[in-house]
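# Chains, contacts and geometry: an overview
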Amino acid sequence: MPERVEIVRKILDSNDRLALENRKRLDENQILGLNLMASPGAGKTSFILETIKRLPAQVKLGVIEGDTAPVTIDSDKILAAGRPAVQINTGGDCHLDAVMVEMALDQLPLKQLDLVIVENVGNLICPAAFKLGTHANVLIASIPEGDDKPYKYTNIYRDLDVLIINKTDLLPYIDFRMDYFTTGVQALNPGLVTFPVSCKTGEGMDAWIAWLMGRLELNKK
Amino acid sequence: MHELAVTQDILRIALEEGQANRAAKVTGIYMTIGQLSSIVDDSVQFYWDHISAGTICEGAKLHFNRPTAVMQCQKCGFEFEMDDELIPCPQCSSFDLAVVAGDEMTVDEIEFLGEETSA
């Protein structure tokens, strides 16, 4: 007769533990880590590039680019902007996990950095389940995606620290009910720090940079 | 959507616990995976058949307990079940909701044949 034994162990706990190791490593180097998530085409790379443009030169930034395909389109853009970047090819996986980030951290000059932005794979479902060890989860929602996304992708909104609403320059052309969108966000994440921006016109980027500089300051203490 | 990674972790846990319990063969795995976790049972089973092959877990039956999402309204206290899409409190229409159940993801029990019984 088979025996049954109660164990009760959390699935993906091993990822969470490795994420803690990544966090320790960032902290030892006094680096602020951001996990930047969004659906494909929301403007993650454009947002990073606009952030690079506006960050004071003394802030040393490194970028980890996650993609499912073996391409270096995104990391090439970051390198062209003069910042260190590592491309991760997930080999078809729909998200980054703590192991991939650990390997990418190995390739960045951590001692020289203040900030690491991890651009996750474009996806609103899977990245929400995998901790990376970064300090804050940042989501970019973009106007053309529609105003119902918080109602459909509840998990990713629940775990956010910062929300960026990108492509606000398209608001006059798209039926995006900001009230409806905001109601959904507030339900899942009351008081969430939110920055409406346009990477195209630069509108709203200053407020984001001010928040980021504040967070970097806190991280140094 | 990320069922492969989840299935790999289930296998890792089952192998560890199987070895710790001196199992010759793991025959069943009992899991609780809440509805909010966006995991599809069939997909886990599909990966399981592939990755458990050749281990002591090969052929183990996967048992899924899938509790539905239960939300509690933070305004009026009403508790109600919710599908994947976010809906307001049916009682007072508030969106101020807290998750009571449905985000669980655990391996609860394993069933196995011990080294002696199988010999």
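Residues numbered from 1 in each chain as written. Chains lettered and ligands numbered in written order. Predicted model: local features only at pLDDT ≥ 70, side-chain atom pairs only at ≥ 80, totals over all residues.

## Regarding the overall build of chain A
We apply this condition: For helices the rule is a DSSP run of H or I covering at least 4 residues; for strands it is a run of E covering at least 2, with both sets numbered from the N terminus onward. Computation of the radius of gyration draws on C-alpha atoms, with the globule rule given as 2.2 Å multiplied by the number of residues to the power 0.38. Whether a residue is buried, exposed or partly exposed is read from the other C-beta atoms within 10 Å of its own C-beta, which are placed from the backbone; 20 or more gives buried, 12 or fewer gives exposed, and intermediate counts give partly exposed. Here, residue contact means that the backbone-derived C-beta atoms of the two residues sit within 7 Å.
Looking only at helices and strands, chain A has eight helices and eight strands in total. A compact globule built from 221 residues should have a C-alpha radius of gyration of about 17 Å, and chain A, at 18 Å, falls within 12% of that. Its C-alpha atoms give chain A principal-axis dimensions of roughly 70 × 40 × 40 Å. In chain A, buried positions account for 43% of the 221 residues. In chain A, the share of contacts with a sequence separation of at least 24, taken over all contacts with a separation of at least 6, comes to 77%.

## Quick notes on the sheet that holds strand β5 (residues 97-101) of chain B
Residues and elements named next belong to chain B. This is how the line gets drawn: Any two strands between which DSSP finds at least two bridges are classified as paired. The angle between two axes is taken between their N-to-C directions and runs from 0 to 180 degrees, where each axis is a line fitted to C-alpha atoms and a helix contributes only its stretch in contact.
Reading across the sheet, the three strands line up as β4-β3-β5 and stay open at both edges, with antiparallel pairing between neighbours. Each having just a single partner strand, β4 (79-82) and β5 make up the two edges of the open sheet. For this sheet the average axis-to-axis angle between neighbouring strands, irrespective of direction, equals 40°. Pairing of strand β3 (residues 69-73) with β4, which is carried by four bridges, proceeds in the antiparallel orientation. Its bridge partner lying in β4, Ala 69 is registered against Met 82.

## Some words on the confidence of the model for chain B
Quick reminder of the rule: Per-residue confidence from the predictor is reported as pLDDT, which spans 0 to 100.
When the pLDDT values of chain B are averaged, the result is 91; 95% of them are 70 or greater. For this predicted complex, the interface confidence score (ipTM) comes to 0.84, while the overall pTM stands at 0.87.

## Focus on the pairing of strand β1 (residues 23-33) of chain B
All names here are of chain B. Formally: By the criterion used throughout, a crossover qualifies as right-handed when its path from the first strand across the helix to the second strand runs clockwise, the strands pointing away from the viewer.
In the sheet, β1 pairs with strand β6 (residues 105-114) via nine bridges, with the strands oriented antiparallel. Within β6, the position partnered with Tyr 30 by the bridge is Glu 109. Bridging between β1 and strand β2 (residues 61-65) involves five bridges; their strand directions are parallel. In the strand pairing of β2, Gly 28 is matched with Lys 61. For the crossover from β1 across helix α2 (residues 41-51) to β2, the handedness is right-handed.

## Section: helix α1 (residues 13-28) of chain A
Residue and element names in this part refer to chain A. Rules: For a helix, the expected span equals 1.5 Å multiplied by the number of residues minus one. As used here, the arc belongs to the directions running from the helix axis to the C-beta atoms.
The terminal C-alpha atoms of α1, which comprises 16 residues, lie 23 Å apart, in line with the 22 Å expected from a rise of 1.5 Å per residue. Inspection of α1 places Asn 15, Ala 19, Asn 22 and Leu 26 among the buried residues, and these make up the whole buried set. One side of α1 holds all its buried residues, which, seen down the axis, span an arc of 60°. Those residues of α1 that are exposed and aimed more than 90 degrees away from the buried face are Arg 17, Lys 24 and Glu 28. Of the residues flanking the end of α1, it is Gln 30, one or two places downstream, whose phi is positive at about 50°.

## Quick look at the interface of chain A and chain B
Counting from both sides, the interface comprises 28 residues of chain A and, opposite them, 28 residues of chain B. Elements with a contribution of two residues or more to the side of chain A that touches chain B: β1 (3-10), α5 (149-152), α6 (154-158) and α7 (178-188) of chain A. Of the residues forming the side of chain A that touches chain B, the biggest block, eight residues, is contributed by β1(A). With six bridges joining them, β1(A) and β6(B) adopt antiparallel strand pairing. Each residue of the ladder has a partner; that of Arg9(A), found in β6(B), is Val107(B).

## Digging into the environment of Ala53(B)
Inspection of the secondary structure puts Ala53(B) in the loop between α2 and β2. Distance in space between the C-alpha atoms of Ala53(B) and Phe95(B) is 46 Å, their sequence separation being 42 residues.

## What about unusual backbone geometry?
Most peptide bonds are trans, and most residues other than glycine sit at a negative phi. Residue and element names in this part refer to chain B. A positive phi angle, near 50°, is found at Arg 22, a position not held by glycine. With respect to the element layout, Arg 22 can be found in the loop between α1 (3-20) and β1. Of the residues examined, Arg 22 has 10 C-beta atoms within 10 Å and is grouped as exposed. Within the chain, Ser 38 stands out as a residue other than glycine whose phi angle is a positive 45°. Mapped onto the elements of the fold, Ser 38 is located in the loop between β1 and α2. According to the C-beta neighbour criterion, Ser 38 is partly exposed, with 18 such atoms within 10 Å.

## Some remarks on the domain arrangement of chain B
Buried accessible area, meaning the area lost when the parts come together, often serves as the stated size of an interface. All names here are of chain B. Applied cut-off: What counts as a domain boundary in this text is fixed by an automatic or database domain assignment. Any residue that is not Ala, Val, Leu, Ile, Met, Phe, Trp, Tyr, Cys, Pro, Asp, Glu, Lys or Arg is counted as polar, Gly included; the first ten are nonpolar and the last four charged.
Each assigned domain of chain B is listed here: domain 1 (1-67 + 102-119) and domain 2 (68-101). Centre-to-centre, using C-alpha coordinates, domain 1 lies 31 Å away from domain 2. Domain 1 puts six residues into the contact, and the matching count from domain 2 is five residues. Of the residues in the side of domain 1 that touches domain 2, the class split is two nonpolar, three polar and one charged.

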